[in-house]
Amino acid sequence: MKTLISLFLISFVAFCTISCNDDDKDTPDLANRYGAYEKPHFAFEYASDTIRIGMKPYYEKKIAVTEFKAMFNAMATEKMGAYFKGIQFKENKQLIISARMKEGDVYNLPGTYELSGNYLQITLDKEVMAHLMGDKAANIPAISFKYDIRGKQMTMYFDKVYLQVIYSMMENQIAAMIVDMMEIDFSQMPEGMEAMIMKEVKNQLGEILTQIRKIEIGFVLMLDKLDYA
């Protein structure tokens with residue numbers, strides 16, 4: 001079950017850009033507003049009541065959709081609540097993401113943002129990311145969220161289109177991670193068995209994406225004005 005949840009968590013934390021526009025929607029003014037983290041946002045609809053992954057007789061895992069949703073919400077609530085604190089939208093399209101590190105200190109990560117229709121694109125500061133992540137920071141592009149503002153609540157999330165793009169970019173890595181979690185001793189199996197199971201896992205992941213009718217993964221912020229005086 002954690003294998004399936006890990007797949008969707010990977011899709012949430014992975015970074016890529018989706019270029020979309022909706023010129024009919026008015027662009028809100030976010031300057032000088034602080035969005036305090038409230039709760040995760042997760043919407044999921046599947047074509048059947050059970051998600052299955054694996055390859056008999058070596059490994060098979062089934063999870064009820066209702067159980068999957070409950071477990072994902074519980075994990076997202078715990079992890080996001082512990083580490084993500086909010087976003088400060090400043091003037092001139094600048095922002096600061098506040099996150100609590102494992103050591104307990106709150107770290108402020110600077111970046112910029114752009115609004116385009118119902119998409120919000122965030123670009124993190126490359127120098128700061130390089131300090132935190134080393135050479136890996138160079139490969140992190142902008143992050144595009146769908147967003148919706150109602151009153152003081154701002155919901156930011158990725159949808160199925162984003163998930164499909166992430167999977168197309170990381171298909172081999174995700175499949176390899178799942179095969180590794182199966183803990184199969186391929187040294188005791190015929191040559192080519194690992195490649196065959198990897199192919200079957202990819203087929204099943206593709207089928208899972210096809211069966212997803214709706215998915216939104218993100219969070220809700222409570223917006224307030226900031227006082228920089």
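See the structure shown above.
So, how was this worked out
- Residues numbered from 1 in each chain as written.
- Predicted model: local features only at pLDDT ≥ 70, side-chain atom pairs only at ≥ 80, totals over all residues.
- Heavy atoms only, no water.
- Helix = DSSP H or I, 4+ residues; strand = E, 2+ residues; numbered from the N terminus.
- Buried < 20%, exposed > 50% of the residue type's maximum accessible area, 1.4 Å probe, protein only.
- Areas by Shrake-Rupley, 256 points an atom, 1.4 Å probe, with all protein chains shown as cover.
- Core = buried A, V, L, I, M, F, W, Y, C linked by side-chain atoms within 4.5 Å.
- Contact = heavy atoms within 4.5 Å.
- Pairing = 2+ DSSP bridges.
- Axes fitted to C-alpha atoms, helices over the stretch in contact; angles between N-to-C directions.
- Parallel < 35°, antiparallel > 145°, perpendicular 65-115°, else oblique.
- Left-handed = near helix turned anticlockwise from the far one by under 90°.
- Nonpolar A, V, L, I, M, F, W, Y, C, P; charged D, E, K, R; others polar.
- Expected span 1.5 Å × (residues − 1).
- Arc of directions from axis to C-beta.
- Phe/Tyr/Trp six-rings, centres within 6.5 Å; stacked < 30°, edge-to-face > 60°.

**Looking at the overall build of the protein chain**
1) Next: Summing up its helical and strand segments, the protein chain has 5 helices and 10 strands in all.
2) Next: Here the protein chain holds 229 residues, and the buried ones make up 42% of them.
3) Next: With the model as given, the accessible surface of the protein chain reaches about 12,700 Å², and the carbon-plus-sulfur share is 49%.

**Overview of the nonpolar core**
1) Next: Among the nonpolar cores identified, the biggest contains 54 residues, and I87, L120, I122 and M156 are the most heavily contacted of them.
2) Next: Ranked by residues supplied to this core, first place goes to helix α4 (residues 160-181) with 8 residues.
3) Next: Excluding anything up to four places from it in sequence, I87 contacts R33, Y34, G35, L95, I96, I97, I122, M156, F219 and L221.

**Remarks on the pairing of strand β7 (residues 119-124)**
1) Next: Where strand β6 (residues 106-116) meets β7, 6 bridges bridge the pair, whose relative direction is antiparallel. Bridge assignment links L115 to a residue of β7, and that residue is L120.
2) Next: The hairpin formed by β6 and β7 contains 2 residues between the paired strands, and G117 there has a positive phi angle of roughly 60 degrees.
3) Next: Note that β7 and strand β8 (residues 143-150) share 4 bridges and pair antiparallel. Across the sheet, the residue bridging to L120 is F145, located in β8.

**Overview of the packing of α4 against helix α5 (residues 193-211)**
1) Next: In the contact formed by α4 and α5, the axes pass within 9 Å of each other and the chain directions differ by 155 degrees. Taken together, the axes of α4 and α5 are roughly antiparallel relative to one another. Read as a crossing pair, α4 and α5 show a hand that is right-handed. On α5, the residues that touch K160, L163, Y167, E171, N172, I174, A175, A176, I178 and V179 of α4 are I197, M198, V201, K202, L205, G206, L209 and T210.
2) Next: A class-by-class count of the residues in the contact of α4 with α5 yields 12 nonpolar, 3 polar and 3 charged.

**Topic: the sheet that holds strand β1 (residues 33-46)**
1) Next: Read once around its circumference, the closed barrel built from 8 strands follows the order β1-β4-β5-β6-β7-β8-β9-β10, with strand pairing classed as antiparallel. Averaged over all neighbouring strand pairs, the angle between strand axes comes to 35 degrees, with direction disregarded.
2) Next: Note that strand β9 (residues 153-158) and strand β10 (residues 212-225) share 6 bridges and pair antiparallel. Bridge pairing links Y157 to G218 in β10.
3) Next: Docked against the sheet, α5 engages β1 and β10, running at close to 65 degrees with respect to β10.

**A look at the environment of Q94**
1) Next: Relative to the elements of secondary structure, Q94 occurs in strand β5 (residues 94-100).
2) Next: According to the relative accessible area criterion, Q94 is partly exposed, its value standing at 36%.
3) Next: With 19 residues separating them in the primary sequence, Q94 and Y113 have C-alpha atoms 6.3 Å apart.
4) Next: Those residues in contact with Q94 that sit more than four places away from it in its chain are Q88, F89, G111, T112 and Y113.

**Describing the pairing of β1**
Two faces make up the sheet, and in a regular strand the side chains alternate between them.
1) Next: Two strands pair when backbone bridges link them, and β1 and strand β4 (residues 84-89) are joined in this way by 4 bridges, in the antiparallel orientation. Within β4, the residue paired with Y34 across the bridge is Q88.

**Some details on helix α2 (residues 65-83)**
1) Next: The first and last C-alpha atoms of α2 sit 27 Å apart over 19 residues, in line with the 27 Å expected at 1.5 Å per residue.
2) Next: Restricting attention to buried positions, one finds in α2 the residues V65, F68, F72, A76 and M80. The arc that holds every buried residue of α2, seen down its axis, measures 65 degrees, which confines them to one face. Away from its buried face, by an angle of more than 90 degrees, α2 presents the exposed residues T66 and E78.

**Here we look at the packing of aromatic side chains**
1) Next: Enumeration over the complete set of coordinates arrives at 11 aromatic pairs.
2) Next: With a centroid separation of 4.7 Å and 15 degrees between ring planes, the pair formed by F145 and F158 is classed as stacked. Here F145, found in strand β8, pairs with F158, found in strand β9; they are 13 residues apart in sequence, far enough to count as distant. Take F145 and F158: they sit in the same class, and that class is buried.
3) Next: Here the aromatic cluster, defined as three or more aromatic residues joined through ring pairs, consists of Y37, F84, F145, F158 and F219.

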